Amino acid sequence: MHMQIRLHPKASAPNVAKLLAFLAEKQVNLTGVGGSDVEFGGEFAFSVKDEEAEDVLKLLHDNHYRDARLLNADDPTCGLTLCEVENRAGALSECLASASTDNLGNGRIIRDLLIQVPSDNGKVPVQIYSEEVLTGRA
């Protein structure tokens, strides 16, 4: 679960319920959801099993969700970080602190989180999406 699909949830007007109904109709099983300002011009983010991600992306493109894009946490340039956190107090805080520290060196800040269903190992995968910001660096 290293991949994430991001898009503006609209074929016309932004509508998350319509997107979710479409995905349900197509039998797409979501393993996590997140995003920010999803019906105010922001992005809805979701994950599926890695081996299904390319097919789901094609399905979206073929059905008027043309801005959908696939991010892979294995690509350090895409801004996606994956943490697997234990179900205990402070685990999410530690994950975010680590991502924030990494972001300092990369000129990024956290945009949003995507929380996934627990893995077979009992840990909860958390995807952290960070975007580049303008800095004074040359």
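Here, residues in each chain are numbered from 1, in the same order as that chain's written sequence. Where totals are concerned, whole chains, interfaces and linings use all residues; where local detail is concerned, this predicted model gives features only for residues with pLDDT of at least 70, and gives and counts side-chain atom pairs only at 80 or more. Side-chain numbers here rest on the full set of heavy atoms in the structure, without hydrogens or water.

*Asks:* So what exactly am I meant to see when it comes to unusual backbone geometry here?
*Replies:* Negative phi values dominate among residues other than glycine, just as trans dominates among peptide bonds. Unusually for a residue other than glycine, Gln27 sits at a positive phi of about 65 degrees. For the purposes of this entry, the term helix denotes a DSSP run of H or I that reaches at least four residues, the term strand denotes a run of E that reaches at least two, and both are numbered from the N terminus. Within the fold, Gln27 resides in the loop between α1 (16-25) and β2 (32-36). Accessibility expressed as a relative area gives 70% for Gln27, which makes it exposed. The buried label applies to any residue whose accessible area, calculated with a 1.4 Å probe on protein chains only, is under 20% of its type's maximum; exposed applies above 50%, and partly exposed to all values in between.

*Asks:* Sorry, what's going on with the pairing of strand β1 (residues 3-7) here?
*Replies:* Each regular strand carries side chains that alternate between the two faces of the sheet. Among the five residues of β1, five are classified as buried, and the element is accordingly described as predominantly covered. Both faces of β1 are covered, namely the face carrying Met3, Ile5 and Leu7 and the face carrying Gln4 and Arg6. Where β1 lies against strand β4 (residues 69-72), four bridges are found, and the strand directions are antiparallel. Along β4, the bridge assignment pairs Arg6 with Arg69. Here the rule is simple: two strands pair whenever DSSP picks up at least two bridges between them. Where β1 and strand β3 (residues 43-47) come together, three bridges link them in antiparallel fashion. By the bridge assignment, Arg6 is partnered in β3 with Ala45.

*Asks:* What is the right way to look at the environment of Arg69 in this model?
*Replies:* For Arg69, the position within the fold is in strand β4. Sequence separation between Arg69 and Ala21 is 48 residues; the distance between their C-alpha atoms is 19 Å. For Arg69, the contacting residues outside a window of four places in its chain are Gln4, Ile5, Arg6, Glu43, Leu57 and Tyr129. We call two residues in contact whenever any of their non-hydrogen atoms come within 4.5 Å of each other.

*Asks:* What exactly am I supposed to notice about the pattern of salt bridges here?
*Replies:* Think of it this way: side chains of opposite charge can pair up when their charged atoms draw near. Any carboxyl oxygen of Asp or Glu that lies within 4 Å of a side-chain nitrogen of Lys or Arg is treated as forming a salt bridge with it. Applying the stated criterion across every chain yields a total of eight salt bridges. Here the residues in one salt-bridge network are Arg6, Glu43, Arg69 and Asp112, joined through shared partners.

*Asks:* Is there a simple way to think about the state of the cysteines in this case?
*Replies:* The bond known as a disulfide is covalent and runs between the sulfur atoms of two cysteines. Note on terminology: disulfide denotes any pair of cysteine sulfur atoms within 2.5 Å. Throughout the structure, instances matching the rule amount to one disulfide. Cys78 takes part in no disulfide bond, and the closest cysteine sulfur to it belongs to Cys83, at a distance of 14 Å.

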